[in-house]
Amino acid sequence: MALRTPLSRLFTVLLAGVLAGLVLAVAALPGNLLLGFTARAALGGYAALPEALRTPATPQRSYLYANDGRTLITTFYDVNRTDVPLEDIAPVMRQAIVAAEDRRFHGHGGADLRGLARALVANVRGGETAQGGSTLTMQYVRNVLKTDPGRTAEERAAATEQTIGRKVQEIRYATALEQRLGKDEILNRYLNIAYFGSGAYGIAAASQRYFGKAPAQLTLAESALLAGLVQSPEAYSPIDGDRQAALDRRAYVLDAMVETGAISAEQAAAARTEKLTLKPTPQPNGCTAVASGHDDWGFFCDYLRSWWLTQPAFGATAEEREQALRRGGYTVVTSLDPQVQATAQKQATSVYSYDNARALPIAAVEPGTGRVLAMAVNRKYSLEPNPAGQTNHPNTVNPLISGGDGVDGYQAGSTFKLFTMLAALEAGKPLATGFDAPGRLPTRYAAEGEGSCDGRWCPVNANPEWMDGYRMMWDGFGRSVNTYFVWLAEQVGPEKVVEMAQRLGITFRADADAAFAADNAENWGSFTLGVATTTPLDLANAYATVAAEGTYCTPLPVVSVTAADGARVPVGEPSCERVLDADVARAATDAARCPVGQQSAFGQCNGGTATSVNRILDGRPVAGKTGSSERNGTESFVGFTPQVAVAGIAANPDDSTDSVGGAVQARVIDAVARVIATAVDGQPEQAFGVPSRDLVGEPRRPVERREPERRPQPPIEEDDPLADLRRWLDRRG
């Protein structure tokens, strides 16, 4: 402990002398006069107390859990503190704190005047006192006033000033509290606010910080040690201070407990010889301090925090909401599914390592609620510096999965054909709408340079032999025929396709995309080929809307939020609305069975770009779509069942000119499919709804085209280093 300066020592002596004279005079009065003094000290009563004393609003730590309500993700706090009821604190801990700090606690009315007199006289004489002059109630008053966030910095500082006025006010407030509150309530409040050193405020934080356990599990020896810390937390702390001083102080508390009759001398002797076994447990604080071994959870945590800052229930401004998260003592059960997250992270890192500049961000969403089940990417959510020359890997805190803060997203290629199909179905065009798709399609949209025909944009099919010819929505979607969908978008109007994408939650974060959508959507013919940037989260949620038969739900990262007082905050319920006719969604889903190697309800699928999905899902009803941007700059896949939608996009977040290559598409497909398999494991199999005949139409094939002849190929072995390339070539014919 720091030595007092001569001036501060002199001031203490003078102050103590004045107070000692005052208190001794009062203490010598007859009992009835003493009672009268304390009554007058409480002038104004409970109602006149500061609000913080009547309704404690001390800062508390907020907890974030996974959707099981048990798996801790992280905590947020300015002050490491959590309130617990008295019954959740070990009885020996309650007895120890009384013995250490206020042995007459159960006999005084808030201010122990005789005890204060003895302490002051001892201080004047320079001796040690067995107890301080302030009662537990007075200490509680001081702790509340010096930490009250509703008071100014000057007012908080005044709560610990060495003045007669402050001490008299403390006595008055303590007496008023005792006239209204029971001893158990005061003791509970005290134990929940006292500082125990090493950053731990309150007994719950202290028992976790020092012993890694709940306060109900504290032993006698542990309780005595913690109770001894309160007098001088930093000096006695066995973690940050003097270990032997902590043990000596523990022995003092045990002796005091014997004197109060709380324990026997034999119990004290046994506890005194007990070895001090600490389990220092630092509490994580914020998204960069998620549970050990789960630094991938930080991306979800960051998304939740961004969502929190938009919720009016937590304050009028983003600053107030941030304060609420760090000081409000909330219990947040998030939507993160640990098993789905683990699979998503495993799959993302199996495609690209943490140290690869390329990334595979993956998002999983629950249809019908919008709850986000997983957000994974082959990056560590960390502020640690990266090796020279590596911008965003292996460490980053950028929102690579959800977008925002400068992350616009990635082109998702033909996954956007879904929006064209939905717009066409909504316009009354049935699934059987046919078109003899050419290998190259001249359009009405002006274009120059490569990809133009006489000043017009001319998209081509990636694999003409497999894609060209008469197509309907089923096989046009299954085989991902560019010219069919560009033609279809022309029929309904590209602006309708753009509007459909926005309706399903696609956000244009890139300025150029936003401007085109706002000012020139009717000429955005290439939109159907996925040239706008998006994120896995937006894409998964858009497809989840179709899986939910046209019900769009705002992405939601929580299941429930409970305030410190146990009240449920009304922010965990899904926010959903119907944005599509259910029949339109069913029809689109029927066509989306084709890419994944399954059959539509009307037998019209005849080829797909992601047929391995059916094998991985073991025939369970599933739908989805692949996507490749120009020159295979990115490779994407979105898959869905009625219970989950998952999207993954392989890209280089730092360099859009770095093409990931078409060969990786097979691995992206497999990765997403395995995440779906984990998400539906153990859930009952659900069938997709069948669309009405009005949206099916009359399938017809005026031009019969044979499949290209393909030589029989040997089975692809999983350990074949060229397996991914072979699958890709196999799908391309």
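It should be noted that the structure appears before, not after, this text.
Source: prediction; values computed, not measured.

About the cut-offs
Residues numbered from 1 in each chain as written. Predicted model: local features only at pLDDT ≥ 70, side-chain atom pairs only at ≥ 80, totals over all residues. Heavy atoms only, no water. Helix = DSSP H or I, 4+ residues; strand = E, 2+ residues; numbered from the N terminus. Contact = heavy atoms within 4.5 Å. Areas by Shrake-Rupley, 256 points an atom, 1.4 Å probe, with all protein chains shown as cover. Pairing = 2+ DSSP bridges. Axes fitted to C-alpha atoms, helices over the stretch in contact; angles between N-to-C directions. Parallel < 35°, antiparallel > 145°, perpendicular 65-115°, else oblique. Nonpolar A, V, L, I, M, F, W, Y, C, P; charged D, E, K, R; others polar. Core = buried A, V, L, I, M, F, W, Y, C linked by side-chain atoms within 4.5 Å. Buried < 20%, exposed > 50% of the residue type's maximum accessible area, 1.4 Å probe, protein only. Expected span 1.5 Å × (residues − 1). Salt bridge = Lys/Arg side-chain N within 4 Å of Asp/Glu carboxyl O. Polar contact = N/O pair within 3.5 Å; in protein donor to acceptor, adjacent residues only side chain to side chain. Phe/Tyr/Trp six-rings, centres within 6.5 Å; stacked < 30°, edge-to-face > 60°. Lys NZ or Arg CZ within 6 Å of the ring centre and 35° of its normal.

Participant: For this particular structure, what's the right way to read the overall build of the chain?
Facilitator: For the chain, the helix and strand inventory stands at 28 helices and 22 strands. Counting only contacts in the chain whose residues sit at least 6 apart along the sequence, the fraction spanning at least 24 positions is 71%. Looking at the chain as shown, the accessible area adds up to about 30400 Å², and 50% of this sits on carbon and sulfur atoms.

Participant: Could you clarify how one ought to interpret the sheet that holds strand β21 (residues 635-640) in this entry?
Facilitator: Sheet strands line up and pair through hydrogen bonds in the backbone, either parallel or antiparallel. On the basis of which strands lie adjacent, the open sheet formed by 5 strands has the order β7-β6-β22-β21-β20 and antiparallel pairing. The strands lining the two open edges of the sheet, one partner per strand, are β7 (372-376) and β20 (623-628). The average angle at which neighbouring strand axes cross in this sheet is 5 degrees, direction not considered. Across the sheet, helix α24 (residues 536-547) is in contact with β6 (362-365), β7, β20, β21 and β22 (645-650); its angle to β22 comes to roughly 150 degrees.

Participant: Looking at this structure, how should I read the packing of helix α4 (residues 91-101) against helix α9 (residues 183-193)?
Facilitator: Between two packed helices, what matters for the description is the angle formed by their axes and the separation of those axes. At a minimum axis distance of 11 Å, the contact between α4 and α9 shows a crossing angle of 85 degrees. In terms of axis orientation, α4 runs roughly perpendicular to α9. Residues Met93, Arg94, Ile97, Val98 and Glu101 of α4 lie in contact with α9, whose contacting residues are Leu187, Tyr190 and Leu191. Residues belonging to the contact of α4 with α9 are distributed by class as follows: 6 nonpolar, no polar and 2 charged.

Participant: Before we go on, may I ask you to explain the nonpolar core in this structure?
Facilitator: Note on soluble globular proteins: their nonpolar side chains tend to be buried together. Residues Phe419 and Met421 are the most contacted members of the largest nonpolar core, which totals 111 residues. Excluding anything up to four places from it in sequence, Phe419 contacts Val497, Met500, Ala501, Leu504, Ile506 and Ala542.

Participant: Would you explain helix α15 (residues 297-308) in this entry?
Facilitator: For an α-helix the count is 3.6 residues per turn, leaving residues at separations of three or four pointing the same way. Helix length check: α15 (12 residues) gives 17 Å between terminal C-alpha atoms against 16 Å at 1.5 Å per residue, within 8%. Counting buried residues along α15, 10 of its 12 residues qualify, which places the element largely inside the surrounding structure. Residues Trp297, Gly298, Phe299, Phe300, Cys301, Asp302, Tyr303, Leu304, Trp307 and Trp308 constitute the buried set of α15.

Participant: Looking at this structure, how should I read the pattern of salt bridges?
Facilitator: Any two side chains of opposite charge can pair, so long as their charged atoms come close to each other. Taken as a whole, this structure holds 22 salt bridges when the rule is applied. The salt bridge involving Arg272 is made with Asp255; its shortest N-O contact spans 2.4 Å. You can see Arg272 sitting in helix α14 (residues 265-272) and its partner Asp255 sitting in helix α13 (residues 243-259), a full 17 residues away along the chain. Arg272 gets classed as partly exposed once you look at its relative accessible area, which sits at 35%. Here Arg326 and Glu322 are joined by a salt bridge, their closest N and O atoms 2.9 Å apart. Here Arg326 and its partner Glu322 are both found in helix α16 (residues 318-327), 4 residues apart, which amounts to about one turn of the helix. Connected through salt bridges with shared partners, the residues Arg142, Arg166, Lys167 and Glu170 form a single ionic network.

Participant: Explanation requested: the side chain of Gln345 in the structure shown.
Facilitator: Inspection of the secondary structure puts Gln345 in helix α17 (residues 338-351). In terms of polar contacts, Gln345 uses its side chain to reach the side chain of Tyr354, at 3.2 Å. In this structure, Gln345 is in contact with Asp296, Tyr354, Ala376, Val377, Asn378 and Arg379, ignoring residues within four places of it in sequence.

Participant: I would appreciate a short explanation of the pairing of β21 in the present structure.
Facilitator: In summary, the side chains of a regular strand alternate between the two faces of the sheet. Counting buried positions along β21 yields 6 of 6 residues, so the element is predominantly enclosed. Residues Glu635, Phe637 and Gly639 point to one face of β21 and Ser636, Val638 and Phe640 to the other, with burial holding for every one of them. Bridge analysis of β20 against β21 gives 6 bridges, and the strand direction is antiparallel. In the strand pairing of β21, Lys625 is matched with Val638. Between β20 and β21, which pair antiparallel one after the other, the connecting turn spans 6 residues, and Arg631 there sits at a positive phi close to 55 degrees.

Participant: What is the right way to look at the packing of aromatic side chains in this model?
Facilitator: Think of a pair of aromatic rings as described by two things: how far the centres are apart, and how the planes are tilted against each other in angle. On inspection of all chains with the given rule, the structure shows 20 aromatic pairs. Judged by centre distance (4.9 Å) and plane angle (20 degrees), the rings of Phe516 and Trp524 are stacked. Look at Phe516 and you get partly exposed, because its relative accessible area is 30%. On the basis of relative accessible area, Trp524 is assigned to the buried category, the value being 5%. Each ring, one from Phe640 and one from Phe688, has its centre 5.7 Å from the other, and the planes form 70 degrees; the classification is edge-to-face. With Phe640 in strand β21 and Phe688 in the loop between α27 (665-680) and α28 (723-731), this residue pair connects regions lying 48 residues apart in the sequence. Judged by relative accessible area, which is 1%, Phe640 ranks as buried. The class for Phe688 is buried, based on a relative accessible area of 15%. Feature note: the residues Phe416, Phe419, Phe508, Phe516, Trp524 and Phe527 constitute an aromatic cluster, connected by ring pairs. A cation over an aromatic ring shows up here: Lys183 above the ring of Phe105, its NZ or CZ 4.5 Å from the ring centre. Across from the ring centre of Tyr354, 4.1 Å away, lies the NZ or CZ of Lys380, which sits over that ring.

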